[in-house]
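Chain by chain, the residues run as shown.
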Amino acid sequence: VEVKVNGNHISNSPHNSEGYGNPDSCFCPEPWEEFEVNFACPVQEPQIEFDMSRLSNVTKKTLKAAKGVQNNVHYAIIDNQLYAKVIGSIVDIRKFVEEFLISMLRKVKMPDVEFIINYSDYPKVKNVQEQPVFSMCASDQLPDLMLPTYDMMLSAIQRKH
């Protein structure tokens with residue numbers, strides 16, 4: 001890090017730091033379009049496009065039906081703030097997922113949205129195509145949407161601009 005005044009280094013600048021720097025110390029969300037460019041997001045992601053295409057007609061009724069499944073958290077992102085309501089008992093992995101979500105909210109301006117995360121060890125949605133349920137486990141036979149692995153979430157959290 002260089003600290004300069006009128007082009008001159010001050011306070012023993014430049015400073016070098018060892019180890020991981022936390023990019024989440026700044027709450028500075030970018031517009032989505034800038035985020036996609038700065039983080040080199042792929043133009044197309046076939047699995048995400050397929051999964052999200054099944055949620056074209058989500059309504060309050062389908063969201064309410066999804067909330068009836070135990071061991072879920074109903075999340076809402078409103079004005080780039082995360083809100084959560086626990087339904088049933090939840091395992092410790094929830095803190096990692098929320099760390100990921102909060103990290104993303106510090107990096108990018110997200111649209112207002114509601115969704116459910118199933119923290120059980122198996123998919124929960126059965127024969128219902130329009131429930132916005134993300135799960136730690138998914139199957140081709142069930143419509144739960146697969147969450148990224150913990151390693152992928154950690155990589156996104158530690159990613160710097």
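A brief structural summary. Given the structure is predicted, the values throughout are model-derived calculations rather than measurements. (Residues numbered from 1 in each chain as written. Predicted model: local features only at pLDDT ≥ 70, side-chain atom pairs only at ≥ 80, totals over all residues. Heavy atoms only, no water.)

**Comments concerning the pattern of salt bridges**
A pair can form between side chains of opposite charge whenever their charged atoms are brought close.
Part 1 of the reasoning: Scanning the model with the defined rule gives one salt bridge in all.
Part 2 of the reasoning: For E98, the salt bridge identified is with R94, shortest N-O distance 2.5 Å. Of this pair, E98 and R94 both sit in helix 4 (residues 93-107), four residues apart, roughly one helical turn.
Part 3 of the reasoning: Owing to a relative accessible area of 16%, E98 belongs among the buried residues under this scheme. (Salt bridge = Lys/Arg side-chain N within 4 Å of Asp/Glu carboxyl O. Helix = DSSP H or I, 4+ residues; strand = E, 2+ residues; numbered from the N terminus. Buried < 20%, exposed > 50% of the residue type's maximum accessible area, 1.4 Å probe, protein only.)

**Examining the sheet that holds strand 5 (residues 113-118)**
Part 1 of the reasoning: The five strands are arranged 4-3-5-6-7 in an open sheet whose pairing can be described as mixed. Since the sheet does not close on itself, it has two edges, and those belong to strand 4 (81-87) and strand 7 (145-146), each with one partner. (Pairing = 2+ DSSP bridges.)

**What to know about the packing of helix 4 against helix 5 (residues 150-158)**
Part 1 of the reasoning: Following both chains from N to C, one finds helix 4 and helix 5 inclined at 30°, their axes separated by 9 Å at the closest point. Judged by the inter-axis angle, helix 4 sits roughly parallel to helix 5. By crossing handedness, the relation of helix 4 to helix 5 is classed as left-handed. Where helix 4 abuts helix 5, its residues F96, V97, E99, F100, S103 and K107 lie against Y150, M153, A156 and I157.
Part 2 of the reasoning: Looking at the contact of helix 4 with helix 5, its residues break down into seven nonpolar, one polar and two charged. (Axes fitted to C-alpha atoms, helices over the stretch in contact; angles between N-to-C directions. Parallel < 35°, antiparallel > 145°, perpendicular 65-115°, else oblique. Left-handed = near helix turned anticlockwise from the far one by under 90°. Contact = heavy atoms within 4.5 Å. Nonpolar A, V, L, I, M, F, W, Y, C, P; charged D, E, K, R; others polar.)

**Some details on helix 4**
Part 1 of the reasoning: For helix 4, built from 15 residues, the straight-helix expectation of 21 Å at 1.5 Å per residue is met to within 8% by its first-to-last C-alpha distance of 22 Å.
Part 2 of the reasoning: Along helix 4, the positions that sit buried rather than exposed are V97, E98, F100, L101, S103, M104, L105 and K107.
Part 3 of the reasoning: Contacts made by the buried residues of helix 4 are with helix 1 (32-38), strand 3 (72-78), strand 4, strand 5 and helix 5. (Expected span 1.5 Å × (residues − 1).)

**Some remarks on the nonpolar core**
As a rule of thumb, soluble globular proteins bury nonpolar side chains together.
Part 1 of the reasoning: Counting 19 residues, the largest nonpolar core has Y75, V97, F115 and I117 as the members making the most contacts within it.
Part 2 of the reasoning: Of all elements in the fold, only strand 3, helix 4, strand 5 and helix 5 reach the threshold of two or more residues within this core. (Core = buried A, V, L, I, M, F, W, Y, C linked by side-chain atoms within 4.5 Å.)

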